Amino acid sequence: MIIEKLRMDNLRDGVYCAKGMQFGDEWYRNLEVWLDGGLLRGQIARDDTGEPIGFVLYYPIEHVPMEVGGEGLYMVQCLQVKPPHDKTGIARKLIESAIADARNCGAAGIVAEGLAEAEQSDIHEHVTAEFLESLGLIKGQSRRFATLYYMTFRPDAQEPSYLPTRFAAPASKATIRVDILDCSLCYVGIHNRETVLQAVERSARERVEVFVHDQNNRGAVVDKGLSSGVFVDGKLTFFRGPINEADVLEAIDVADSARRQAMDK
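Bear in mind that the values here come from a model prediction, so they are computed numbers and not experimental data.

Cut-offs applied
Residues numbered from 1 in each chain as written. Predicted model: local features only at pLDDT ≥ 70, side-chain atom pairs only at ≥ 80, totals over all residues. Heavy atoms only, no water. Helix = DSSP H or I, 4+ residues; strand = E, 2+ residues; numbered from the N terminus. Rg over C-alpha atoms; globule rule 2.2 N^0.38 Å. Buried < 20%, exposed > 50% of the residue type's maximum accessible area, 1.4 Å probe, protein only. Contact = heavy atoms within 4.5 Å. Pairing = 2+ DSSP bridges. Axes fitted to C-alpha atoms, helices over the stretch in contact; angles between N-to-C directions. Polar contact = N/O pair within 3.5 Å; in protein donor to acceptor, adjacent residues only side chain to side chain. Core = buried A, V, L, I, M, F, W, Y, C linked by side-chain atoms within 4.5 Å.

1. Focus on the overall build of the protein chain
In terms of helices and strands, the protein chain carries seven helices and 13 strands. Taking 18 Å as the expected radius of gyration for a compact globule of 265 residues, we find that the protein chain reaches 20 Å, a close match to that expectation. Each principal axis of the C-alpha distribution contributes one length, and for the protein chain these read about 65 × 40 × 35 Å. Counting across all 265 residues of the protein chain, residues that qualify as buried make up 50%. At a minimum sequence separation of 6, the contacts of the protein chain that also span at least 24 residues come to 65%.

Put into structure tokens, the structure is as follows:
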């Protein structure tokens, strides 16, 4: 097995999860812009035949559109290993390579999110508290389904923390308002945005209005304290994982029913 740095010429091959997927090309174009601009770094694992079997992506925390604050740190955004390689230590080697690269770049430390057990999936099965702690990362602040784990390289490095949530969808009396916080760090985010838009359009509902907020830059994330999510009538309804149209329509129906009940009272 070899570990190689992420480059423009190996990005689409090595970061394999969106190949052939709907909206995958849009995502790869975004990654290429971030990589070319020096905002994205990564490591790719290949087996002895050259086949990519895992990757890790990470960004300088001051630039990454994620709701975590800190100074001089690198933030791990995604770690994936193809089965059946997931128990061969590849995830460990990828994170260790990211840590070494962050040190060489002069970073103050590195940060990753450990997901709660209920949020684990085939995609995120490696990012557990047990795994991150085994690498020497320290447990930090928790919020909802995730906990920050970090490693500092300098004595003056500050502990990372989640940004305070500032976004509140404006109320609308005339329509049911759907707010999409659109972040394309993962192609799933693009899928969610398009699914919500298509669901509302196909429903032909006159009383539903959709607003898309571009969260693909650090300033927008800091301003709202959130990088992604879908709000239906002011309520954060979805936050992780692919959304389907039926879920969107059900959320709108629930909001509409709640409005009607309130009016009846």
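2. A few points about the sheet that holds strand β1 (residues 2-5)
Strands sit in the order β1-β2-β3-β5-β6-β8-β7 across an open sheet of seven strands; the sheet is mixed. Looking at which strands have only one partner, the edges of the open sheet turn out to be β1 and β7 (138-143). Ignoring which end each strand starts from, the neighbouring axes of this sheet average 25° apart. Relative to strand β3 (residues 52-60), strand β2 (residues 41-46) is paired through six bridges, and the arrangement is antiparallel. Residue pairing for β3: Gly 42 is matched across the bridge by Leu 57. Its contacts with the sheet place helix α3 (residues 90-104) against β1, β2, β3, β5 (73-81), β6 (109-115) and β8 (146-152), and it is angled at close to 160° to β5.

3. Focus on the side chain of Thr 175
Relative to the helices and strands, Thr 175 is located in the loop between β9 (161-162) and β10 (176-182). A polar side-chain atom of Thr 175 sits 3.5 Å from a polar atom in the side chain of Glu 209.

4. Observations regarding the nonpolar core
Within the largest apolar cluster, 38 residues are counted, with the highest numbers of intra-cluster contacts made by Leu 6, Val 15, Trp 27, Leu 31, Leu 40, Phe 55 and Met 75. Sorting the residues of this core by element identifies α2 (24-36), β3, β5, β6, β8 and α5 (187-203) as the ones contributing at least two each. Take this core: its biggest share by element is five residues, from α2. In contact with Leu 40, not counting residues within four places along its chain, are Leu 6, Leu 31, Trp 34, Leu 35, Leu 57, Tyr 58 and Tyr 59. Judged by nonpolar contacts, the second largest core, of 26 residues, contains Tyr 58, Ala 91, Ile 95 and Ile 110.

That's the geometry; what it means functionally is another story.
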